[in-house]
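# Residue-level structural notes
One-letter residues, chain by chain:
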Amino acid sequence: DAKTTQPNSMESNEEEPVHLPCNHSTISGTDYIHWYRQLPSQGPEYVIHGLTSNVNNRMASLAIAEDRKSSTLILHRATLRDAAVYYCILGGTSYGKLTFGQGTILTVHP
Amino acid sequence: SQTIHQWPATLVQPVGSPLSLECTVEGTSNPNLYWYRQAAGRGLQLLFYSVGIGQISSEVPQNLSASRPQDRQFILSSKKLLLSDSGFYLCAWSGLECCGETQYFGPGTRLLVL
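Residues numbered from 1 in each chain as written. Chains lettered and ligands numbered in written order. Predicted model: local features only at pLDDT ≥ 70, side-chain atom pairs only at ≥ 80, totals over all residues. Heavy atoms only, no water.

### Examining the overall build of chain B
Scanning chain B from N- to C-terminus turns up zero helices and eleven strands. Of the regular secondary structure in chain B, the N- to C-terminal order runs β-β-β-β-β-β-β-β-β-β-β. Expected size for 114 residues packed as a compact globule is a radius of gyration near 13 Å; at 14 Å, chain B falls within 12% of this value. When the 114 residues of chain B are sorted by exposure, 49% land in the buried category. Across chain B, the fraction of contacts at a sequence separation of at least 24, relative to all contacts at a separation of at least 6, is 55%. Summed over all atoms, the accessible surface of chain B reaches about 5400 Å², with 54% contributed by carbon and sulfur. Separation of charge centres in chain B, based on 7 positive and 7 negative side chains, amounts to 11 Å. (Helix = DSSP H or I, 4+ residues; strand = E, 2+ residues; numbered from the N terminus. Rg over C-alpha atoms; globule rule 2.2 N^0.38 Å. Buried < 20%, exposed > 50% of the residue type's maximum accessible area, 1.4 Å probe, protein only. Contact = heavy atoms within 4.5 Å. Areas by Shrake-Rupley, 256 points an atom, 1.4 Å probe, with all protein chains shown as cover. Lys, Arg positive; Asp, Glu negative; His and termini not counted. Charge placed at Lys NZ, Arg CZ, Asp CG, Glu CD.)

### Thoughts on the sheet that holds strand β6 (residues 61–64) of chain A
Residue and element names in this part refer to chain A. Read from one edge to the other, the open sheet built from four strands follows the order β2-β7-β6-β5, with strand pairing classed as antiparallel. Of all the strands in the sheet, the pair left with one neighbour each is β2 (18–23) and β5 (55–56). For β6 and strand β7 (residues 70–75), the ladder comprises four bridges, and the chain directions are antiparallel. Paired with I64 across the strands is S71, a residue of β7. (Pairing = 2+ DSSP bridges.)

### Some remarks on the nonpolar core
In this structure, L20, I33, W35, L73, L75, Y86 and L106 of chain A are the most contacted members of the largest nonpolar core, which totals 21 residues. Elements that contribute at least two residues to this core include exactly β2, β3 (32–38), β4 (45–50), β6, β7, β8 (84–91) and β9 (104–109) of chain A. Looking at this core, the element that brings in the most residues is β8 of chain A, giving four residues. In this structure, F48, Y89, C91 and L111 of chain B belong to the second largest nonpolar core, which totals 19 residues. (Core = buried A, V, L, I, M, F, W, Y, C linked by side-chain atoms within 4.5 Å.)

### Some words on the environment of Y34 of chain B
Residue and element names in this part refer to chain B. Within the element layout of this structure, Y34 appears in strand β4 (residues 32–38). On the accessibility criterion, Y34 (0% relative accessible area) is buried. Side chain to side chain, Y34 and S94 meet in a polar contact 2.8 Å long. (Polar contact = N/O pair within 3.5 Å; in protein donor to acceptor, adjacent residues only side chain to side chain.)

### Some remarks on a nonpolar patch on the surface
A contiguous nonpolar surface patch, about 290 Å² in accessible area, is contributed by V12, L112 and L114 of chain B. A relative accessible area of 59% places L114 of chain B in the exposed class. (Patch = residues over 30% accessible without salt bridge, like charges linked within 9 Å, V, L, I, M, F, W, Y side chains within 5 Å. Salt bridge = Lys/Arg side-chain N within 4 Å of Asp/Glu carboxyl O.)

### With respect to the interface of chain B and chain A
Opposite the 23 residues of chain B that make contact, chain A presents 20 residues. Of the roughly 1700 Å² buried between chain B and chain A, counting both surfaces, carbon and sulfur atoms make up 53%. Where chain B packs against chain A, one counts zero salt bridges. In this assembly, chain B and chain A are joined by three residue pairs in polar contact (both at pLDDT 80 or more). Among the elements of the structure, β4, β5 (44–52) and β9 (87–94) of chain B are those that each provide at least two residues to the side of chain B that touches chain A. Residue classes in the side of chain B that touches chain A are distributed as eleven nonpolar, eight polar and four charged. (Buried area = accessible area lost by both parts, 1.4 Å probe. Nonpolar A, V, L, I, M, F, W, Y, C, P; charged D, E, K, R; others polar.)

### Thoughts on the state of the cysteines
Residue and element names in this part refer to chain A. In the structure shown here, the tally under the stated rule is two disulfides over all chains. Across the disulfide, C22 is cross-linked to C88 (sulfur-sulfur distance 2.1 Å). For the disulfide bridge between C22 and C88, the dihedral angle about the S-S bond is near -85°, and by the sign convention the bridge is left-handed. Of this pair, C22 sits in strand β2 while C88 sits in strand β8, placing them 66 residues apart in sequence. The buried category is assigned to C22, whose relative accessible area is 1%. C88 sits in the buried class, given a relative accessible area of 0%. (Disulfide = S-S within 2.5 Å.)

In structure tokens form, the structure reads like this:
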């Protein structure tokens with residue numbers, strides 16, 4: 001399985017944008033890039049996914065490098081509620097073995 | 001809309017006792033179902049997945065088993081719990097969606113084996 005590399009932790013201030021990076025240099029042509037987040041004591045929550053083009057939804061934006069070897073999850077205005085572990089995961093089009101790594105612990109300061 | 005339920009929310013069990021955790025999904029048909037375990041301070045490990053009634057695939061050898069007696073019901077069991085079975089157990093479902101797999105997780109069950 002292709003792997004992803006994320007920083008162990010990042011910090012942000014409330015109402016500032018946050019850019020969470022993910023490297024996936026061994027990504028295959030059919031791998032989608034998924035982002036999930038896990039708030040304390042809860043199950044993971046789907047955030048966004050994409051294949052080649054940048055994607056936007058109500059929660060975040062996903063910027064995918066042209067060579068697809070890296071991507072960035074963008075939270076446009078961080079809130080305290082965004083403090084969580086963010087996982088970048090590669091997955092194919094068939095049902096799902098999503099392999100969760102250690103993720104990035106995001107701390108948001110008031 | 002789809003919802004996923006897990007129970008119990010928390011459980012404390014002695015070593016050697018049996019286990020049964022239940023997961024049910026509402027608002028969808030023929031979901032793919034998954035059981036994950038998360039040990040303290042670690043990422044999620046996929047334990048089992050199912051693409052249909054009675055169809056179970058195991059990802060890792062272990063002390064646990066899974067069953068899917070109904071389309072939207074997924075059960076995780078053990079005949080004799082070990083200390084190492086402690087953790088946060090998460091059930092998830094996914095559907096046949098365009099453009100990649102998206103999984104939706106339940107609230108989880110915290111299991112402590114003493």
